[in-house]
Amino acid sequence: MPNQPEQHSIQAWSLINRKYLGKGVRVKRFRKPTRCQIRNRVLLAVLMANDIKLSQLAEDLSISSRSVSAWVYEGRIPGSTNLDKTCQLLGYPRHILFNEEVVRNSPVICQPESSRFMKRTVTRSPVSNRILTGLCMVHDLSVTDVSHWIGVHPGTFRKWLHQGTLPSAAFQEQAEQFFRIPKTILFADVILKDRRNN
């Protein structure tokens with residue numbers, strides 16, 4: 001039979017175990033993304049330009065929100081079934097939405113708040129180049145800022161966004177260098193529209 005101090009020690013440890021360990025390890029089911037984790041900027045740009053939440057996309061595809069979050073924040077590529085369904089739903093081919101080279105070489109940027117600049121741009125008139133508009137939303141850049149850094153007039157840049165105008169090869173390359181995304185993806189809306197019309 002244990003002596004008095006040992007018995008007290010056992011009871012103390014029993015209380016500690018019940019108080020702290022008995023509750024189990026609490027693991028959140030869905031991780032809240034930290035501010036610096038966006039890997040697939042193009043997918044997020046398309047979703048933001050179309051005002052589609054990650055949870056809504058997950059519901060439309062009948063998959064978990066965690067899976068869609070992993071595509072955007074961790075740069076994961078979905079399985080072939082979900083890949084085809086996502087591409088069909090959003091209207092872009094795989095090499096645009098889930099371009100592995102772009103995802104791999106993408107700078108890890110901050111999770112944006114609602115873009116104060118581009119929200120006005122989207123609501124004022126219809127947008128033809130949703131990828132370029134969405135990227136401005138992802139980076140929370142104004143039309144004036146981007147046009148200044150690329151070296152075009154803000155009115156010209158707005159034509160790229162709203163009218164789907166394809167800029168000259170020199171300006172396409174400047175936009176490619178600025179966003180670090182191939183021009184074939186930046187101006188995919190215009191290119192795909194031209195192909196459909198021909």
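Residues numbered from 1 in each chain as written. Predicted model: local features only at pLDDT ≥ 70, side-chain atom pairs only at ≥ 80, totals over all residues. Heavy atoms only, no water.

Visitor: Teacher, can you tell me more about the side chain of Ser 147 here?
Guide: Its location among the elements puts Ser 147 in helix H10 (residues 143-150). Owing to a relative accessible area of 1%, Ser 147 belongs among the buried residues under this scheme. Those residues within four positions of Ser 147 in sequence are excluded, and the remaining contacts are Val 152, His 153, Pro 154 and Phe 157. (Helix = DSSP H or I, 4+ residues; strand = E, 2+ residues; numbered from the N terminus. Buried < 20%, exposed > 50% of the residue type's maximum accessible area, 1.4 Å probe, protein only. Contact = heavy atoms within 4.5 Å.)

Visitor: How should the packing of aromatic side chains be read in this particular structure?
Guide: Describing an aromatic ring pair means giving the distance of the ring centres and the angle of the ring planes. Within this structure, the stated rule accounts for six aromatic pairs. An aromatic cluster is defined as three or more aromatic residues linked by ring pairs; in this entry it consists of Phe 157, Trp 160, Phe 171 and Phe 187. (Phe/Tyr/Trp six-rings, centres within 6.5 Å; stacked < 30°, edge-to-face > 60°.)

Visitor: Just to check I follow, could you spell out unusual backbone geometry for this structure?
Guide: A negative phi angle characterises most non-glycine residues, just as the trans form characterises most peptide bonds. Positive phi outside glycine occurs at Asp 51, with the angle close to 55°. Turning to its location among the elements, Asp 51 is positioned in the loop between helix H2 (41-49) and helix H3 (54-61). In this structure, Asp 140 takes a positive phi of about 55° despite not being glycine. Within the secondary structure, Asp 140 sits in the loop between helix H9 (130-139) and H10. Taking relative accessible area as the criterion, Asp 140 reaches 21% and is therefore assigned partly exposed.

Visitor: When you look at H9 in this model, what are you seeing that I'm missing?
Guide: Along an α-helix, residues three or four apart share an orientation, since each turn contains 3.6 residues. Within H9, eight of the 10 residues are buried, which leaves the element mostly enclosed by the surrounding structure. Restricting attention to buried positions, one finds in H9 the residues Ile 131, Leu 132, Thr 133, Gly 134, Leu 135, Cys 136, Met 137 and Val 138. Structurally, the start of H9 carries an N-cap: the backbone nitrogen of Ile 131 is 3.5 Å from a side-chain oxygen of Asn 129. (Polar contact = N/O pair within 3.5 Å; in protein donor to acceptor, adjacent residues only side chain to side chain.)

Visitor: Help me out: how do you make sense of the pattern of salt bridges in this one?
Guide: Oppositely charged side chains may form a pair once their charged atoms are brought near each other. What the rule picks out here adds up to four salt bridges. Note that Glu 100 is salt-bridged to Arg 94, the shortest N-O span being 2.7 Å. Look at Arg 94 and you get partly exposed, because its relative accessible area is 38%. For the salt bridge of Lys 183 with Glu 173, the shortest nitrogen-to-oxygen distance reads 3.6 Å. Pair noted here: Lys 183 is in helix H13 (residues 183-186) and Glu 173 is in helix H12 (residues 169-179), with a separation of 10 residues, a long-range link. (Salt bridge = Lys/Arg side-chain N within 4 Å of Asp/Glu carboxyl O.)

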